[in-house]
Amino acid sequence: MSIDFKVADLSLAEAGRHQIRLAEHEMPGLMALRREYGPSQPLAGARIAGSLHMTVQTAVLIETLTALGAEVRWASCNIFSTQDEAAAAVVVGNGSPENPAGVPVFAWKNESLEDYWWTAQQILTWPEGSGGPNMILDDGGDATMLLHKGVEFEAAGEVPENPQEGDDGYSYEYTVILDVLRRSLAETPGRWTEIAKGVRGVTEETTTGVLRLYQLAAEGRLLFPAINVNDSVTKSKFDNKYGIRHSLPDGLNRATDTLIGGKVAVVCGYGDVGKGAAEALRGQGARVIVTEIDPICALQAAMDGYQVAKLESVLGQGDLFITATGNKDIIMADHMAKMKHQAIVGNVGHFDNEIDMAGLARVPGIRKVEIKPQVHEWVFDEGTDSQRSIIVLSEGRLLNLGNATGHPSFVMSNSFANQTIAQIELFTKHGTPVEDGGYANQVYVLPKVLDEKVARLHLDALGVELTELTKSQAEYLGVDAAGPFKPEHYRY
Ligand code: NAI
């Protein structure tokens, strides 16, 4: 049977397969789950719509889900993050480029926004007679948002007018989404409501997507149960921190190859991602300055030895500016206008609204020069004595995925083991009453015992010798000798 897909180039499949093979060795958590659950096929009957960076590591996740019985359709959750060779290898699967037999993937590096929202529709649109998707695996919440907006507008019978530039919350991207939904309401009325009815739940990867889910749940608008994978300890305290510690310098080096040592780096946001970013930059010898709005995180940064300042106070000092807040409007055009010549500006928060790219493009007389894909010089005051430029990476989108290949396999094995377990939970517990361990239309985190299990699956590979509690020590602490070891409120 042929599959539908859209990727850059199927001839890259062999190169992708080699990388996937090496990644499997670095992803012991996912491979252990394949061994544990392969025989019982807990995801048989699951039809998963996946929206998550289509990288080599994600290929290992996808093939873990199919090894557990799921059918899958996949798109990337970012226009620049796909590794084309990984996408090709997943499509080809065990077949050949002439006769692919793998998973339908709709993702390529450098999509337009129109392409991006087309791919999001492809993962939610399953072949006639298949029954449609019954699970979503999301990163940043775009697939979940598209479905919720579709249902909302179908109930209202109309899609609102496109916002005008300057309206609060305006983004060109939002007008693309509204156009997609306007067309689908005209062509296939009731389409999104029908799809949503079949969905048993969503598992969400990242801080930003989780925020969106809690907002939907608080408003009573969440259409199905959700598992917040991000706040498994073995996700946010590992991927967000140690992952970025690896992939931020990787992105900076591949983009600019500018020496980081000795420079002044400004990191906006000192949450999990900001902590990893600051540590990486300091490790390279940069003097790091942190900006924060939360007194606790600001104090942490100060105690960790960083200067903490307002962005406005350090604009003329920074050689590198990195946003990691998950918030909007962090570095604005008038900030960038005051930076040093050839300061580098990049974002590692989920969306591109941390850096005011639209405002930058509107600065009178500004000129954008492509140095190479995903690296742009923006020239101010050309031809005057004050002519200078700044360098913006990945057009303000996740630079560690746009300029490099995202987090490495070992850390993603932790995140994706949580994803796999969360998919099994929501899929297999569907229909179970809440009082018997089922899930309501709320947002849940995985129980600590599963979090500890994910960590455990990664110890051997690092040669970790874990101390075991004696019976009397366990009694003294009031815990089971087999775990969980910490109370829910423990913060790690
Ligand atoms: P977090 O909530 O732990 O940290 C964000 C920090 O930014 C908070 O401490 C907050 O107080 C601070 N902040 C908010 N507004 C600010 C402002 N105006 N100025 C200065 N600081 C401000 O979130 P986390 O987990 O660190 O994630 C941050 C972003 O990175 C999210 O969008 C998340 O989805 C994304 N992410 C990106 C990854 C990547 O590979 N690039 C990996 C994981 C998460």
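As the structure is a prediction and not an experimental result, all values here were calculated from the model. (Residues numbered from 1 in each chain as written. Predicted model: local features only at pLDDT ≥ 70, side-chain atom pairs only at ≥ 80, totals over all residues. Heavy atoms only, no water.)

Draft legend 1. Representation of the site of the ligand. The environment of the ligand is formed by 27 residues, the closest being Thr-206, Thr-207, Thr-208, Glu-292 and Val-348. Between the ligand and Glu-292 there is a distance of 2.6 Å, counted from an oxygen atom to a side-chain nitrogen or oxygen. Note that a nitrogen atom of the ligand is positioned 2.8 Å from one of the backbone N or O atoms of Val-348. Out of a free accessible area of 860 Å², the ligand has 85% covered by protein chains. Only helix 9 (207–218), helix 10 (233–256) and helix 11 (272–283) provide two or more residues apiece to the shell around the ligand. When residues in the shell around the ligand are grouped by element, the largest group, three residues, is from helix 10. Taken together, the residues that form the shell around the ligand break down as nine nonpolar, 14 polar and four charged. (Near = heavy atom within 4 Å. Polar contact = N/O pair within 3.5 Å; in protein donor to acceptor, adjacent residues only side chain to side chain. Areas by Shrake-Rupley, 256 points an atom, 1.4 Å probe, with all protein chains shown as cover. Helix = DSSP H or I, 4+ residues; strand = E, 2+ residues; numbered from the N terminus. Nonpolar A, V, L, I, M, F, W, Y, C, P; charged D, E, K, R; others polar.)

Draft legend 2. A look at the nonpolar core. Counting residues in hydrophobic clusters, the biggest one holds 53 residues, and the most contacted among them are Leu-43, Ile-48, Met-54, Leu-65, Val-72, Trp-74 and Val-105. At the level of elements, helix 1 (13–25), helix 2 (28–37), helix 3 (56–67), strand 2 (71–75), helix 4 (84–92), strand 4 (135–138), helix 17 (409–428) and helix 18 (448–456) are the ones that each hand at least two residues to this core. In contact with Ile-48, not counting residues within four places along its chain, are Leu-43, Leu-65, Ala-70, Glu-71, Val-72, Arg-73, Trp-126, Met-135, Leu-137 and Gln-423. The next biggest cluster of nonpolar side chains, apart from the first, holds 38 residues, and it includes Ala-75, Leu-146, Leu-147 and Phe-224. (Core = buried A, V, L, I, M, F, W, Y, C linked by side-chain atoms within 4.5 Å. Buried < 20%, exposed > 50% of the residue type's maximum accessible area, 1.4 Å probe, protein only. Contact = heavy atoms within 4.5 Å.)

Draft legend 3. Fine view of the sheet that holds strand 15 (residues 443–444). Read from one edge to the other, the open sheet built from seven strands follows the order 3-2-1-4-5-6-15, with strand pairing classed as parallel. One side of each edge strand has no neighbouring strand; the edge strands of this open sheet are strand 3 (105–106) and strand 15. Direction of pairing for strand 4 relative to strand 5 (residues 201–204): parallel, over a ladder of four bridges. Counterpart to Met-135 in the pairing with strand 5 is Gly-201. Seen against the sheet, helix 9 touches strand 5, strand 6 (226–228) and strand 15 and runs at an angle of roughly 140 degrees to strand 5. (Pairing = 2+ DSSP bridges. Axes fitted to C-alpha atoms, helices over the stretch in contact; angles between N-to-C directions.)

Draft legend 4. Broad picture of the pattern of salt bridges. For the structure on display, the rule yields 20 salt bridges. Two residues, Arg-17 and Glu-63, come together in a salt bridge whose shortest N-O distance is 2.8 Å. Remark: Glu-63 occurs in helix 3 and Arg-17 occurs in helix 1; sequence separation between them is 46 residues. The exposure class of Arg-17 is partly exposed, given its relative accessible area of 27%. Assessed through its relative accessible area of 15%, Glu-63 is described here as buried. Across the salt bridge formed by Asp-352 and Arg-397, the nearest N and O atoms sit 3.0 Å from each other. (Salt bridge = Lys/Arg side-chain N within 4 Å of Asp/Glu carboxyl O.)

Draft legend 5. Structural view of the side chain of Ser-81. Along the chain, Ser-81 falls in the loop between strand 2 and helix 4. Assessed through its relative accessible area of 2%, Ser-81 is described here as buried. Within the structure, Ser-81 has its side chain in polar contact with the side chain of His-53 (distance 2.9 Å). In this structure, Ser-81 is in contact with His-53, Met-54, Thr-55, Ser-76 and Leu-401, ignoring residues within four places of it in sequence.

Draft legend 6. Looking closely at the packing of helix 17 against helix 18. For the pair helix 17 and helix 18, interaxial distance at closest approach is 9 Å and the crossing angle is 135 degrees. Classed by the angle they form, the pair helix 17 and helix 18 counts as oblique. The element helix 17 and its partner helix 18 pack so that their crossing is right-handed. Across the interface between the two elements, Asn-414, Ala-417, Asn-418 and Ile-421 from helix 17 touch Leu-450, Asp-451 and Val-454 from helix 18. (Parallel < 35°, antiparallel > 145°, perpendicular 65-115°, else oblique. Left-handed = near helix turned anticlockwise from the far one by under 90°.)

Draft legend 7. Seen up close, the UniProt feature "binding site: substrate" (unreviewed entry) in the protein chain. Those residues carrying the UniProt feature "binding site: substrate" (unreviewed entry) are Thr-55, Asp-139, Glu-205, Lys-235 and Asp-239 in this numbering. Here Glu-205 shows up in the loop between strand 5 and helix 9. With residues up to four places along the chain from it excluded, the contact list for Glu-205 reads Leu-52, Asp-138, Asp-139, Val-229, Asn-230, Lys-235, Asp-239, Met-412, Ser-415, Phe-416 and Gln-419. Aside from chain neighbours lying at most four places away, what touches Asp-239 is Glu-205, Ile-244, His-407, Val-411, Met-412 and Ser-415. (UniProt positions renumbered as here; feature names shortened; annotations may be inferred.)

Draft legend 8. Spatial organisation of the packing of aromatic side chains. Going through the model one piece at a time under the given rule, you end up with six aromatic pairs. Positioned above the aromatic ring of Trp-126, the side-chain terminus of Arg-73 is 5.9 Å from the ring centre. (Phe/Tyr/Trp six-rings, centres within 6.5 Å; stacked < 30°, edge-to-face > 60°. Lys NZ or Arg CZ within 6 Å of the ring centre and 35° of its normal.)

Draft legend 9. How the structure looks around the pairing of strand 8 (residues 287–291). Judged by how many residues are buried, strand 8 sits mostly within the fold: four of five residues are covered. Looking at chain direction, strand 7 (residues 264–268) and strand 8 are connected through five bridges and run parallel. Looking across to strand 8, one finds that Ala-265 is bridged to Val-288. Sheet topology places strand 8 next to strand 9 (residues 307–308); two bridges connect them, and they run parallel. Across the sheet, residue Val-290 finds its bridge partner in strand 9, namely Val-308.

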